[in-house]
Amino acid sequence: MLKADATVSEEERFVLSNLPPSPGQKRLAIGIVLGLCIALYLVIGPFGGKQLPEVQSFVAFYTTAMFVTDSITAILLFTQFSILRSRAILVIASGYLFTALLIVPYALAFPGVFAPNGVIDGLQTSAHLYLLWHCGFPLFVIGYALSKDEDESRRLSQGKVSAAILRSVVFTVFGALAVTILCMKGEAVLPRIMLDRARFVAEWPLVVGAPIAALCATALVVLWLRRRSILDLFLMVVLCAYLIEIPPHYYPFPARFSTGWYAVRITSLISSSIVLVVLLYEITALYGGLLRAVLRQRREREARLMTGDAVAASIAHEVRQPLTAMVTTADAGLRFLDRSAPNLDKAKEAFRRIVADGHRAGDVIGSIRANFRTDVRDRTSFDLNEVIGEALALGRGDLLRHRIAVQAEPSSQLPKVIGNRSQLQQVLLNLITNAIDAMAAKDEPRILSVKSEVHEGDRVVVSIADTGTGVRSQDTDRIFNPLFTSKPDGMGMGLSICRAIIEAHEGQLWFAPNNPRGAVFHFTLRANHAASAAV
Amino acid sequence: MAEGSSWSIVAVVDDDQSVLRSLEYLLESADYAVRLFTSGKELLDSGCLPRIDCLISDIDVPGMEGFDLLRQVHAARPGLPIILITGYPDTLKRLPSFGGNSPRFFTKPFQGPELLAAISEALSRASATRS
């Protein structure tokens, strides 16, 4: 049984950090990793050992760009957290904020950028900041990966979101501050990385490369084992980029301002922007998709309302004319009889006219039924389960608003049916709307069950069950009558039209009480076994 | 019971033949002379307008919108009693002003005696205004 609780996080289906990646996105991720690899090693292969001039404005540009991209990524992820309320997103958002914050002291400490020996003095400070920045981010990714499968019931309530974001920002700022102070004052406890302002120590691979590689590899494995979403995929790309960037720092020899070092700065700028670009692209694409969906739903709703209104207005108008004629002629007949010398011939003529107009009113109803029946050109062979899904999607707004849980039980063996697809969608929608209205009036658990199954071999039967007010015993004989309604603003045409449509499809529409409460409406349709066998 | 006088002519405009015939019957039962028209244009083209004493018109008649017919009739016969019938009462919200001579209206299906009483009253008022 496919069970979908309409009250649970509908918005999660449209939030990037929960969407599974498409094959195209997976190919793009692999392409980025391979592209970075090839670009980096093509550059350092022939030119790796070449020492280039110190371009301090490049470092200033690089650090500023890194700060901006990481800050915006953090903001977007915090926004995603405010929608999803998942602690995992909060952790990774804090990770991006952490890197953005560490870039500031890194730039201040880097020799020659703002002062010859850096604003924050100390030969080792910028190198230590780089080390802890690149060790810190994979730790946040590990934290993200480990907390992303948490129980949904543990998620924060909406009211606590702002407080949680504020708390995370404060902790991260203090964390970044502590790391900065450690790097400034902790030369005694941290390994020596720089020989001078340009050259790394020979042990760079061991003291810097190895810890970063170990943490990135661990994060990559943990994330791989729990991968699920687009965000997971592109975080793995970022970790791969971190790994790829390690060797050019010391190959063929360890120093700043080598060709490889400059190339790594550029690739790390690209890798830090990956999640931001993907977030922005996907948000724009999702926004476009949602806009199209909203417009489509609005058009469908308007078309549905127009259809219902037009049918009701047409019936009202067509029936009102013969009814007016009958009443007026009856009044005239009474007047002819009321005379002191009754005019019997005129009175008889009045009765004949009333009979004729009565038949005309009957013909109007008959022609409306015939309209449903003769609409053969619009009949196609289709999957009724799809139409049930569409009708539920159209009613989703009302289902959510009234906190109604939906249990859909489509039969996987259901043969196709022949009929007017849009008319049958109207029938389903009408029955679902009636069920919602019946349940909205009762403050008890609200469950809408929609089931399709094979019936007597050559038919399919669809059942729509609700836990609403049910049908009163005195109304059971007349709920399908035109103009009968139990709703204050209803026209009483819905079920009457539904039955006309189903009967025009050689099917039947009936109802029974639901257990323990509510009503179940069933309708049958003829199966199109030929089309089902051909598929 | 409201009775018409044999020389009062009532014109009826409605696109539905059965409504038209039923009104003819009702008006004959009250001894009015009746002229039937299926559109406003038919009435204006007939040349009857100067001779009729009262007009009953459906607002939703084809060919000429009911309000256009009213304006033309009002311009040609400012004091002519007019009674409107409609299947859509909301239409009357758009009814233009005709000074002190605002038409009475009835929603289909209407009560025959009430309609006859309204005709009789309108004819008496128009007659009093003329004299």
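These numbers come from a predicted model, not from an experiment.

K.L.:
Please explain the pattern of salt bridges as it appears in this structure.
P.N.:
Any two side chains of opposite charge can pair, on the condition that their charged atoms come close. On inspection of all chains with the given rule, the structure shows 18 salt bridges over all chains. Arg421(A) is the salt-bridge partner of Glu386(A), the closest N and O atoms lying 3.4 Å from each other. Of the two residues, Glu386(A) is situated in helix α11 (residues 384-394) and Arg421(A) in helix α13 (residues 421-440); the sequence distance between them amounts to 35 residues. Owing to a relative accessible area of 46%, Glu386(A) belongs among the partly exposed residues under this scheme. For Arg421(A), a relative accessible area of 24% corresponds to the partly exposed category. Lys108(B) is the partner of Asp58(B) in a salt bridge, and the nearest nitrogen-oxygen pair spans 3.3 Å. Of this pair, Asp58(B) sits in strand β3 (residues 54-58) while Lys108(B) sits in the loop between β5 (104-107) and α4 (112-130), placing them 50 residues apart in sequence. Neither residue differs from the other here; Asp58(B) and Lys108(B) are each classed as buried.

K.L.:
For this particular structure, what's the right way to read the interface of chain B and chain A?
P.N.:
For interface size, the figure often reported is the accessible area lost on association. Taken together, the contacts link 27 residues of chain B with 24 residues of chain A. Carbon and sulfur atoms supply 53% of the area that chain B and chain A bury against each other, a total of about 2100 Å² over both sides. Looking at the side of chain B facing chain A, the largest losses of area belong to Tyr25(B), Ser29(B) and Pro109(B), adding up to 30% of the total buried there. Counting every contact that joins chain B to chain A gives three salt bridges.

K.L.:
Any chance you could explain the packing of helix α3 (residues 87-109) of chain A against helix α4 (residues 125-147) of chain A here in plain terms?
P.N.:
In helix packing, the relevant descriptors are the interaxial angle and the interaxial distance, both defined with respect to the helix axes. Residue and element names in this part refer to chain A. Relative to each other, α3 and α4 sit at 175°, their axes nearing to 8 Å. By the criterion of interaxial angle, the relationship of α3 to α4 is roughly antiparallel. Residues that form the contact of α3 with α4 fall into these classes: 19 nonpolar, eight polar and one charged.

K.L.:
Explanation requested: unusual backbone geometry in the structure shown.
P.N.:
Backbone phi values are negative for most residues with the exception of glycine, while trans is the configuration of most peptide bonds. Omega for the peptide link from Asn515(A) to Pro516(A) comes to 5°, which places this bond in the cis form. With respect to the helices, strands and loops of the structure, Pro516(A) is situated in the loop between β7 (509-513) and β8 (519-526). Residue Lys108(B) is joined to Pro109(B) through a cis peptide bond whose omega torsion reads -10°. Tracing the sequence through the fold places Pro109(B) in the loop between β5 and α4. With phi around 60°, Glu506(A) is a residue other than glycine that occupies positive phi space. Note that Glu506(A) resides in the loop between α14 (494-504) and β7.

K.L.:
Help me understand the sheet that holds β5(B), please; the structure alone is not making it clear to me.
P.N.:
Strands in a sheet are paired, the pairing made by backbone hydrogen bonds, and the direction either parallel or antiparallel. Residue and element names in this part refer to chain B. Strand order in the open sheet formed by five strands is β2-β1-β3-β4-β5, with parallel pairing between adjacent strands. Lying at the two open borders of the sheet, with one neighbouring strand each, are β2 (33-37) and β5. This sheet shows a mean twist of 20° between the axes of neighbouring strands, independent of strand direction. Each of β1 (9-13), β2, β3 and β4 (82-86) touches helix α1 (residues 17-29); the most contacted strand, β2, lies at about 170° to it.

So, how was this worked out
- Residues numbered from 1 in each chain as written.
- Chains lettered and ligands numbered in written order.
- Predicted model: local features only at pLDDT ≥ 70, side-chain atom pairs only at ≥ 80, totals over all residues.
- Heavy atoms only, no water.
- Salt bridge = Lys/Arg side-chain N within 4 Å of Asp/Glu carboxyl O.
- Helix = DSSP H or I, 4+ residues; strand = E, 2+ residues; numbered from the N terminus.
- Buried < 20%, exposed > 50% of the residue type's maximum accessible area, 1.4 Å probe, protein only.
- Contact = heavy atoms within 4.5 Å.
- Buried area = accessible area lost by both parts, 1.4 Å probe.
- Axes fitted to C-alpha atoms, helices over the stretch in contact; angles between N-to-C directions.
- Parallel < 35°, antiparallel > 145°, perpendicular 65-115°, else oblique.
- Nonpolar A, V, L, I, M, F, W, Y, C, P; charged D, E, K, R; others polar.
- Pairing = 2+ DSSP bridges.

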